[in-house]
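Below, each chain spelled out in residue letters.
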Protein chains: 2
Amino acid sequence: MARKKVELKYIANDSKRRATQKKRKSGLIKKADEISTLCGVDACAIIYTSDDPQPEVWPSPSGVNRVISRFKEMPELEQSKKMMSQESFLRQRIQKGQDQLKKLKNENRKKEMNNLMFQSLGGYQSLDNATIIDLNDLAWIIDQNINEVNKQISKLQGQEGTSSNNNGVATINGEQAQVDNIINGGVFPFVDNIINGEQAQVDNIINGGVFPFVDAANNFQNDYCPTPFNP
Amino acid sequence: MARKKVELKYIANDSKRRATQKKRKSGLIKKADEISTLCGVDACAIIYTSDDPQPEVWPSPSGVNRVISRFKEMPELEQSKKMMSQESFLRQRIQKGQDQLKKLKNENRKKEMNNLMFQSLGGYQSLDNATIIDLNDLAWIIDQNINEVNKQISKLQGQEGTSSNNNGVATINGEQAQVDNIINGGVFPFVDNIINGEQAQVDNIINGGVFPFVDAANNFQNDYCPTPFNP
DNA sequence: GACTCTATGTATAAGCA
DNA sequence: TTGCTTATACATAGAGT
C-alpha cells in the first residue's frame, strides 16, 4: 500500500494514471467543497480529465459561471497583480525547500560538533586532524553547552532544599541529559545559505525527500565568527 | 495538534477561519498542481478569500482564461450534462455513507451473533430470552462456522504427515483462531438497507464520524432467510 | 478496468513562540 | 498576527478482487 513517495511527474502508465486521476479529482473537489464551507469563500474549479470531453466542475456550472464573471470583470492588468502563477508557486516551493535545508544542515552541524566534543572528552578521538573550521565550531558549541550548564547550576542553586543530589554542584554527567536536550534545541547560526553543490539536496527536499546527513566539509559560513571560548 | 475532527461548517471565529483559509487555500492549490502534473490534465481554480478582493488563481491568470474559454465554448445545455454539481456531490457522499453504514451494521450483527454463540456454548448465557430473529441469525452464523470448520478439516486431511497435532481431526479449540478469523471475514447478508431511526448514524458517517455499535434489535431484514442448520 | 482495502504519506488543527 | 511544531485526521498508492 501507499509505500512509495510519489514522484511529482506525469504518470506514463495509462491505467495507473486514470486511477490516480479519478481519486485525486474527487479529493480535489472535496477539498474545494470543504474550504468553501469552512471559510465561506467563493470559489470554483474546472478539471478536464483526459478520458472525458466534459470537464468536472465545482460547485456547479452556474456557480462556475458566477465566479468566472467576477474574474472576467477585473481588468487584465489587475488580474496578474497579486495572483499565484504556476511559476510563483514553484518559486515559493523552492524557497521553502531551501529554508528547510538550511535548518537541517544547521542541526546536523550542531549534532556533529557535539558528537566530536563527546568523542574527544571520552578519548575516543583526537582533535589532531580537525580543521580550523571544525575547531572553531567546536569551540562555539562547547561555549554554548558550558553556558547552559552554568545556567542550570544557577537555577538549581536558587532552589535550596530540593532532594536532588545536584543542588548547587555542577556534575557533568548529571547534566548530560539536559545538555543533550539543549543540543537539539536552541538557535545555532552555522549555515546561513545554500552552498554550491548542495542543489541536488535542495531539489530533493523540494520534492519532499528525506534529508541526507550533511558532511562537516562545505558547511561553514565565512561570515560566522563564534564567541571565543571563555568558561 | 489536530485533535478534533473538524466539523464541516462555517468557522465563526475570525482568526481561526483566516488561518484555516490560508492553509487550505495553499493545500488546494498544491493539489491542483499535483493532479495537473501527475495526470497531465487541464484545470484551473479560482478562490476568492474573504480578506482580499484579488482572487487566488491557479495555474495563472492566462491559464485560467484558457480553461474558461474552453468551458464557455460548450453550450449551456452540455455544461450541465455530466457535471458534478454541489448537489450531486452531496448525494454521492450520502450514498457512500449509507453503503458504509450498511456494511458496518452487517459486521456488527455478525460479531454479535458470534458472541452470542460462544456465550451459549460456554454456558454463560441462556438462549431463553433470544428472539426468533436472533435465533435465526444465530443458526445462520453457526452454519457458516461449521462449514468453515469442515472446510478446514478437509484441507488438513488432504495434507498428511504435517507435524501438527491437528491433522485429520476436528479439535474445536484448535480451530478457534481460524473461526475467529472467519468471523471477521466472509460475506454476511443481514442488513440490506437503511432502517428508520438510523439516519442520525448515517449523517454521522457522512461527516466521517466513528461508527457506534448497533443494537441487535431493528437490524434484521424481512427478506433474509438463512439456510437451515444442517451439519 | 472498476471497486475495495489498508498501510503509508500528506494535510492540517491546535499549541506555542 | 505569523510562523513553526507536533499529533492527529485525511488522502491515496499499491495490491487484491
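Note: the structure precedes this text.
Described in the following lines is the structure provided in the data block. (Residues numbered from 1 in each chain as written. Chains lettered and ligands numbered in written order. Predicted model: local features only at pLDDT ≥ 70, side-chain atom pairs only at ≥ 80, totals over all residues. Heavy atoms only, no water.)

Turning next to empty space enclosed by the protein. Tallying each qualifying case throughout the model produces 1 cavity of 30 Å³ or more. Estimated volume of the largest cavity: approximately 40 Å³. In this structure, the largest cavity is lined by Leu 28 and Ala 45 of chain A together with Leu 28, Ala 32, Ala 43, Cys 44, Ala 45 and Trp 58 of chain B. Elements with a minimum of two residues in the lining of the largest cavity: α1 (14-39) and β1 (42-48) of chain B. Among the elements that line the lining of the largest cavity, the one with the most residues is β1 of chain B, at 3 residues. Along the lines of polarity and charge, the residues of the lining of the largest cavity split into 8 nonpolar, no polar and no charged. (1 Å grid on protein atoms, 1.4 Å probe; cavity = no way out; pocket = protein on both sides within 12 Å on 5 of 7 lines; lining within 4 Å. Points joined across faces, edges and corners; volume = space filled by probe spheres on them. Helix = DSSP H or I, 4+ residues; strand = E, 2+ residues; numbered from the N terminus. Nonpolar A, V, L, I, M, F, W, Y, C, P; charged D, E, K, R; others polar.)

Attention now moves to the side chain of Arg 17 of chain A. As for its position among the elements, Arg 17 of chain A is in helix α1 (residues 14-39). Assessed through its relative accessible area of 8%, Arg 17 of chain A is described here as buried. Looking at Arg 17 of chain A, its side chain comes within polar contact range of the side chain of Tyr 10 of chain A, at 3.0 Å. Non-local contacts of Arg 17 of chain A, meaning those with residues more than four positions away in its chain, are made with Tyr 10, Ile 11 and Ala 12 of chain A together with Leu 38 and Cys 39 of chain B. (Buried < 20%, exposed > 50% of the residue type's maximum accessible area, 1.4 Å probe, protein only. Polar contact = N/O pair within 3.5 Å; in protein donor to acceptor, adjacent residues only side chain to side chain. Contact = heavy atoms within 4.5 Å.)

This part takes up the relation of the copies chain A and chain B. Rotating chain A by 179° and translating it 0.0 Å along the rotation axis places it on chain B, where the RMSD comes to 0.1 Å. Accordingly, the operation relating the two chain copies is best matched by a two-fold axis. The C-alpha atom lying nearest the rotation axis in chain A is that of Ala 45 of chain A; the distance is 2.2 Å. Most of the interface of chain A is mirrored in chain B, where 100% of its interface residues are also at the interface. (Least-squares fit on C-alpha atoms with pLDDT ≥ 70 in both.)

Here we come to a nonpolar patch on the surface. All names here are of chain B. A grouping of Leu 127, Ile 132, Ile 133 and Leu 135 is seen on the molecular surface, where their side chains present a nonpolar patch of about 330 Å² in accessible area. As for its placement among the helices and strands, Leu 135 is situated in helix α5 (residues 132-158). For Leu 135, a relative accessible area of 33% translates into the label partly exposed. (Patch = residues over 30% accessible without salt bridge, like charges linked within 9 Å, V, L, I, M, F, W, Y side chains within 5 Å. Areas by Shrake-Rupley, 256 points an atom, 1.4 Å probe, with all protein chains shown as cover. Salt bridge = Lys/Arg side-chain N within 4 Å of Asp/Glu carboxyl O.)

Our focus in this paragraph is the interface of chain A and chain B. In this complex, chain A contributes 62 residues to the contact, which on the side of chain B involves 62 residues. The junction of chain A with chain B conceals about 5,600 Å² of combined surface from both sides, 64% of it contributed by carbon and sulfur atoms. Taken together, the links from chain A to chain B amount to 2 salt bridges. Counting across the chain A and chain B interface gives 15 residue pairs in polar contact (both at pLDDT 80 or more). Those elements that provide at least two residues to the side of chain A that touches chain B are α1, β1 (42-48), β2 (56-58), α2 (61-73), α3 (76-79) and α4 (86-121) of chain A. Counting residues per element, the side of chain A that touches chain B draws most heavily on α1 of chain A, at 16 residues. A per-class count over the side of chain A that touches chain B returns 30 nonpolar, 13 polar and 19 charged. Sheet analysis places β1 of chain A next to β1 of chain B, joined by 7 bridges and oriented antiparallel. Each residue of the ladder has a partner; that of Ile 46 of chain A, found in β1 of chain B, is Cys 44 of chain B. (Buried area = accessible area lost by both parts, 1.4 Å probe. Pairing = 2+ DSSP bridges.)

Everything listed here is a matter of coordinates, which is why it stays silent on function.
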